[in-house]
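Descriptive analysis of the structure
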Amino acid sequence: MAEKVLFSWVGDTDLRAAISDMPLDAPISSTLANFSFDRVILLCSYPKARSTPYIEWLKRQTVDAIESYQETLVSPVDFESIFHAADKHLSAFKKANADISILLSPGTPAM
């Protein structure tokens with residue numbers, strides 16, 4: 001059976017969900033509440049001071065194995081640097097027997 005893997009960028013709404021007094025309908029946590037994966041690969045361009053508490057919070061919300069990677073982007077809407085960062089991680093699964101899901105959610109207005 002193929003390994004089920006979810007790839008996603010961490011967005012601002014995701015980060016705010018971890019610190020909100022009221023649960024937010026954030027893309028990643030909502031997806032993990034409704035679907036199960038063997039591995040969750042999260043890419044984040046926010047500073048570690050913001051992303052680390054979120055990743056720890058998310059790990060408490062699910063039994064799925066979560067891996068997170070910091071990526072530096074030229075800007076949040078520089079599609080070339082976003083592509084290269086994502087492709088670097090996705091390419092590791094090109095030959096693997098994996099069932100890959102990519103979570104795409106609306107982000108900045110430019111997207």
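Overview of the structure. (Residues numbered from 1 in each chain as written. Predicted model: local features only at pLDDT ≥ 70, side-chain atom pairs only at ≥ 80, totals over all residues. Heavy atoms only, no water.)

What follows is about the packing of helix H2 (residues 27-34) against helix H3 (residues 48-61). Direction vectors running N to C along H2 and H3 enclose 15°, while the axes themselves pass 11 Å from each other. On the basis of their axis angle, the class for H2 and H3 is roughly parallel. For the element pair H2 and H3, the recorded crossing hand is right-handed. In contact with Ile28, Ser29 and Leu32 of H2, H3 contributes Tyr54, Trp57 and Leu58. (Axes fitted to C-alpha atoms, helices over the stretch in contact; angles between N-to-C directions. Helix = DSSP H or I, 4+ residues; strand = E, 2+ residues; numbered from the N terminus. Parallel < 35°, antiparallel > 145°, perpendicular 65-115°, else oblique. Left-handed = near helix turned anticlockwise from the far one by under 90°. Contact = heavy atoms within 4.5 Å.)

This part covers helix H1 (residues 12-19). By the burial criterion, the buried members of H1 are Asp14, Leu15 and Ala17. Taken around the axis of H1, the buried residues stretch over an arc of 150°, which confines them to a single face. Against strand E1 (3-9), H2 and H3 lie the buried residues of H1. (Buried < 20%, exposed > 50% of the residue type's maximum accessible area, 1.4 Å probe, protein only. Arc of directions from axis to C-beta.)

Before going further, it helps to examine the side chain of serine 29. Counting through the fold element by element, serine 29 comes out in helix H2. In this view, serine 29 contacts Asp14, Tyr54, Trp57 and Leu58; residues no more than four positions away in its chain are not counted.

It is worth spelling out the packing of aromatic side chains at this point. How two aromatic rings sit relative to each other is given by the distance of their centres and the angle of their planes. All told, the structure shown has 2 aromatic pairs when counted by the stated rule. For the ring pair phenylalanine 7 and phenylalanine 93, a centre distance of 5.3 Å and an interplane angle of 85° mean the geometry is edge-to-face. Here phenylalanine 7, found in strand E1, pairs with phenylalanine 93, found in the loop between helix H4 (79-90) and strand E4 (98-103); they are 86 residues apart in sequence, far enough to count as distant. Exposure class is identical for phenylalanine 7 and phenylalanine 93. Each is buried. With a centroid separation of 5.9 Å and an interplanar angle of 35°, the aromatic rings of tyrosine 54 and tryptophan 57 are classed as tilted. A residue pair is termed a helical-turn pair when its members lie 3 or 4 positions apart in one helix, as tyrosine 54 and tryptophan 57 do in helix H3 at 3 residues. In this pair, the class of tyrosine 54 matches that of tryptophan 57, namely buried. (Phe/Tyr/Trp six-rings, centres within 6.5 Å; stacked < 30°, edge-to-face > 60°.)

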